[in-house]
Amino acid sequence: MTKEIKRVKKKLLMLTMLCMAALGTTGCGKEETETPVTTEAVTTEAVTEDPNEGKTYNELTGEWLEDFESKRPVAVMINNIQDALPSASTKQADIIYECMVEGGITRLMAIYSDYDKLEKIGSVRSARHYYINIANEYDAIYVHYGQSKPAKEKLDNGAINNINGLTYEDGFYRDSSRVAPHNAYTTGEKIVKGIENFKYNADYDDLHKKVLSFNAEETDLTDGTDANTIHVNFSKYSQPYFVYNSDKKLYDRYEYNAPQIDELEDENDNILNFKNVIVLISSYTCINPENDLQELKQSGEGKGYYCTNGKAVPITWKKASDSSKTEFYKEDGSELLLNPGKTWISIIGDGQNAGISFE
């Protein structure tokens with residue numbers, strides 16, 4: 001065998017070995033193809049920051065607040081006749097109810113979610129049985145000084161957790177600059193001690209349900225009546241009204257033809273003002289002619305108005321029984337949502353001297 005033949009055979013052997021080695025991958029003599037690479041699309045959800053993180057919801061005002069503790073509120077009976085004004089700490093209330101009592105006058109019930117540090121509240125007056133029903137709607141601890149006979153019957157039967165100046169003098173004090181019975185006051189500290197002494201639960205129970213519902217953000221009424229002034233007539237004697245302050249977007253309260261003020265507040269910002277004004281129409285009946293003691297119809301259903309940001313719309317209210325919660329609806333039957341903020345609720349009758357009008 002010649003050297004040339006040996007060299008050719010050697011080359012053929014090397015080519016055969018290379019071809020066999022390549023069969024494990026691409027195969028000898030075949031076109032090499034690439035395996036397609038697939039990648040899954042990676043999606044990331046947009047993380048939105050919670051504007052209310054670290055805050056607590058106040059169900060009485062619909063506001064998210066820092067350094068706020070959600071607990072049972074207190075409902076304090078406040079004197080509202082002219083000789084008793086100005087009142088103290090009424091501007092700090094989250095909700096104020098106004099109902100008629102004897103002689104065509106009205107009495108207020110101020111509901112506070114944050115009351116511990118209030119230095120003076122009042123003047124405090126006596127209970128009425130229909131106010132007890134309202135306070136119970138909010139699971140409130142009821143603060144008063146004395147009571148009518150129908151109210152005493154409810155209190156004696158344990159209708160509500162209450163702090164009464166006639167039976168618990170440590171919870172109140174007399175202001176010597178005022179004349180009795182317009183000089184009884186309490187404080188947040190005294191109320192807290194009273195709750196502890198009577199061993200009342202300061203927290204909501206698991207069955208608690210809120211009364212008012214709120215918009216997540218302030219919302220103007222798109223229809224309705226202009227309500228820059230709201231006249232609320234209870235009787236010939238009591239005809240308060242509210243004037244819309246467009247700069248603050250709040251309603252200022254007027255009583256006896258003057259701004260209704262809080263004696264503890266700075267004179268530049270002492271008028272009681274509210275984001276929402278609700279006027280409910282029901283009926284009052286005299287149940288004791290000797291002292292004109294009144295009964296307020298609370299169960300059933302009726303009409304009313306909701307006012308905010310200078311507008312008023314008709315609403316309806318429903319209450320299955322005196323012990324149930326009031327439900328509020330718009331004319332179309334949907335739930336009434338209030339603007340976040342403080343609310344004044346007046347319950348007027350349907351008599352000759354009662355009514356509501358707007359300007």
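The structure under discussion appears in the preceding block.
Let me sum up the structure you'll find in this document. (Residues numbered from 1 in each chain as written. Predicted model: local features only at pLDDT ≥ 70, side-chain atom pairs only at ≥ 80, totals over all residues. Heavy atoms only, no water.)

Once that is clear, we can look at the sheet that holds strand S9 (residues 173-174). If you trace the 3 strands from one edge of the open sheet to the other, you get S6-S10-S9, paired in antiparallel fashion. One side of each edge strand has no neighbouring strand; the edge strands of this open sheet are strand S6 (121-122) and S9. As judged from the 2 bridges shared by S6 and strand S10 (residues 184-186), these two strands associate in the antiparallel manner. The residue bridging Ile121 from the neighbouring strand is Thr186, located in S10. (Pairing = 2+ DSSP bridges. Helix = DSSP H or I, 4+ residues; strand = E, 2+ residues; numbered from the N terminus.)

Let us look at the layout of surface pockets. Quantified by volume, the largest pocket comes out at close to 370 Å³. As for the largest pocket, its lining consists of 17 residues, of which Leu221, Thr222, Asp223, Val313 and Lys330 are closest to the centre. (1 Å grid on protein atoms, 1.4 Å probe; cavity = no way out; pocket = protein on both sides within 12 Å on 5 of 7 lines; lining within 4 Å. Points joined across faces, edges and corners; volume = space filled by probe spheres on them.)

Moving on, we come to empty space enclosed by the protein. In the structure shown here, the tally under the stated rule is 2 cavities of 30 Å³ or more. Estimates place the volume of the largest cavity at around 130 Å³. As for the largest cavity, its lining consists of 13 residues, of which Leu280, Gln298, Lys319, Thr326 and Ile347 are closest to the centre. For the lining of the largest cavity, the secondary-structure elements that each account for two or more residues are helix H2 (129-137) and strand S21 (311-319). Considering only residue class, the lining of the largest cavity consists of 7 nonpolar, 3 polar and 3 charged. Taken as a whole, the second largest cavity encloses approximately 40 Å³ of empty space. Lining the second largest cavity, in full, are Asn58, Glu59, Leu60, Phe68, Glu69, Ser70, Lys71, Ser113 and Tyr204. Of the residues contributing to the lining of the second largest cavity, the split by class is 3 nonpolar, 3 polar and 3 charged. (Nonpolar A, V, L, I, M, F, W, Y, C, P; charged D, E, K, R; others polar.)

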